[in-house]
Amino acid sequence: MVRVAYVQLAGCCGCLVSLADTYERLLDILDSIELVYCQTLMDEREIPECDVAIVEGAVCLNDEHMLEEVEELEEHADTIVALGACASTGNFMRLSRGNQQAAPTHEAFVPLTEVADVDYAVPGCPPAPEAIERFLTLLLEGQEELLEPFAKLAEGKTEYCGCDLMYHVVNKSMCMGCGTCAAACPTRAIEIVDGRPVVNENRCIKCGACFTQCPRTIWPGDEVIKELIMGGE
């Protein structure tokens, strides 16, 4: 039985809703896990020892309690998963600048991947229920080769956004005009014009959906792209 903790940091809880939307698809998985921590479902004050910690939301650097919670994560969890764009890339939380009436000092937010040793990251705002189900299945089955893209995303390269799509794909003449990026964008910040994506920077929330869904980004990393384009120079 795999002990799982579900931790919510600063965000909108959309990832939890998406997880709940998996419904019957998760029934087989639920037989293999024991949920030991979840603020929404149980009255637990501290994160217990667990095999896997699934974390949604960004980290507020001005929140002492939240920073202590991140420390607990690293101490008590064998594997840490950043679920959703806020935890993996920063998402719209990167655009927060404070001055909120409820908590005016909460002005600095970073993704979990920048402040903790994260093993895997699942992109999306929120991640699709099918993506969550598939990831959890691979994780429980120990399919390390198929989990490699999720591990790569967790390495702290957090600038995935529409601008990176233009730089790494379109400007490198690698775009094939499939429209996957526009279909993946949750804020309609991307429009396909003359067979190529055009990014509206005012709408882009830096969730990484377009970049990670693009079939030309080649998830294993920049070295693979460099090898293909420059012959490894």
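Just above, that's the structure.
Observations concerning the pairing of strand β9 (residues 196-199)
Where burial is concerned, the two faces of β9 differ: the one with Pro197 and Val199 is buried and the one with Arg196 and Val198 is not. Linking two consecutive strands that pair antiparallel, namely strand β8 (residues 190-193) and β9, is a turn of 2 residues; a positive phi of about 55° is found at aspartate 194 within it.

Description of a negative patch on the surface
Among the surface-exposed residues, Glu49, Glu64, Glu68, Glu71, Glu74, Glu75, Asp78 and Asp117 lie close enough to one another that they form a single negatively charged patch. Broken down by element, the residue count for the negative patch peaks at 5 residues, all from helix α3 (residues 64-76). Summarising the element assignment, glutamate 64 is placed in helix α3. A relative accessible area of 59% places glutamate 64 in the exposed class.

Let's talk about the environment of alanine 10
You can see alanine 10 is positioned in the loop between β1 (2-8) and α1 (14-20). For the pair alanine 10 and phenylalanine 109, spaced 99 residues apart in sequence, the C-alpha to C-alpha distance is 8.3 Å.

Considering the nonpolar core
Membership of the largest hydrophobic core comes to 46 residues, with the highest contact counts inside it found for Leu73, Leu112 and Leu165. If we skip the residues at most four places from it in the chain, leucine 112 touches Leu9, Val55, Val59, Val70, Leu73, Ile80, Cys86, Ala87 and Val118. One finds Leu19, Leu26, Ile33 and Val122 within the second-largest nonpolar core, a separate group that totals 22 residues.

Remarks on the packing of helix α6 (residues 129-141) against helix α7 (residues 144-153)
Across the interface, α6 lies against α7 with an axial gap of 9 Å and an inter-helix angle of 125°. One finds that α6 runs oblique with respect to α7. For the crossing formed where α6 meets α7, the hand is left-handed. Together, Arg134, Phe135, Leu138 and Leu139 of α6 and Leu146, Leu147 and Phe150 of α7 make up the contact between the two elements.

What to know about the pattern of salt bridges
Opposite charge on two side chains lets them pair, provided their charged atoms get close. Tallying each qualifying case throughout the model produces 2 salt bridges. Glutamate 155 is the salt-bridge partner of lysine 152, the closest N and O atoms lying 3.3 Å from each other. Classification of glutamate 155 as exposed rests on a relative accessible area of 56%.

Let's talk about the environment of isoleucine 47
When you line up the elements, isoleucine 47 lands in the loop between β2 (33-38) and β3 (50-56). Considered as a pair, isoleucine 47 and leucine 73 are 26 residues apart in the sequence and their alpha carbons are 7.0 Å apart. When residues no more than four places from it in sequence are discounted, the contact partners of isoleucine 47 are Ala5, Val7, Tyr37, Glu69, Glu72, Leu73 and His76.

Details of the pairing of β1
Within β1, 5 of the 7 residues are buried, which leaves the element mostly enclosed by the surrounding structure. In this structure, β1 lies alongside β2, joined through 5 bridges in parallel fashion. Bridging from a neighbouring strand, valine 2 pairs with isoleucine 33 of β2. One ladder, built from 5 bridges, connects β1 with β3; its direction is parallel.

Some thoughts on the environment of lysine 152
Residue placement: lysine 152 occurs in helix α7. Sequence separation between lysine 152 and aspartate 119 is 33 residues; the distance between their C-alpha atoms is 8.8 Å.

Some words on the layout of surface pockets
The space that makes up the largest pocket amounts to roughly 410 Å³. Those elements that provide at least two residues to the lining of the largest pocket are β1, α1, α2 (27-30), β2, β3 and α6. Class assignment for the residues of the lining of the largest pocket results in 18 nonpolar, 2 polar and no charged. Approximately 290 Å³ is the volume found for the second largest pocket.

Rules behind the numbers
- Residues numbered from 1 in each chain as written.
- Predicted model: local features only at pLDDT ≥ 70, side-chain atom pairs only at ≥ 80, totals over all residues.
- Heavy atoms only, no water.
- Buried < 20%, exposed > 50% of the residue type's maximum accessible area, 1.4 Å probe, protein only.
- Helix = DSSP H or I, 4+ residues; strand = E, 2+ residues; numbered from the N terminus.
- Pairing = 2+ DSSP bridges.
- Patch = residues over 30% accessible without salt bridge, like charges linked within 9 Å, V, L, I, M, F, W, Y side chains within 5 Å.
- Areas by Shrake-Rupley, 256 points an atom, 1.4 Å probe, with all protein chains shown as cover.
- Salt bridge = Lys/Arg side-chain N within 4 Å of Asp/Glu carboxyl O.
- Lys, Arg positive; Asp, Glu negative; His and termini not counted.
- Charge placed at Lys NZ, Arg CZ, Asp CG, Glu CD.
- Core = buried A, V, L, I, M, F, W, Y, C linked by side-chain atoms within 4.5 Å.
- Contact = heavy atoms within 4.5 Å.
- Axes fitted to C-alpha atoms, helices over the stretch in contact; angles between N-to-C directions.
- Parallel < 35°, antiparallel > 145°, perpendicular 65-115°, else oblique.
- Left-handed = near helix turned anticlockwise from the far one by under 90°.
- 1 Å grid on protein atoms, 1.4 Å probe; cavity = no way out; pocket = protein on both sides within 12 Å on 5 of 7 lines; lining within 4 Å.
- Points joined across faces, edges and corners; volume = space filled by probe spheres on them.
- Nonpolar A, V, L, I, M, F, W, Y, C, P; charged D, E, K, R; others polar.

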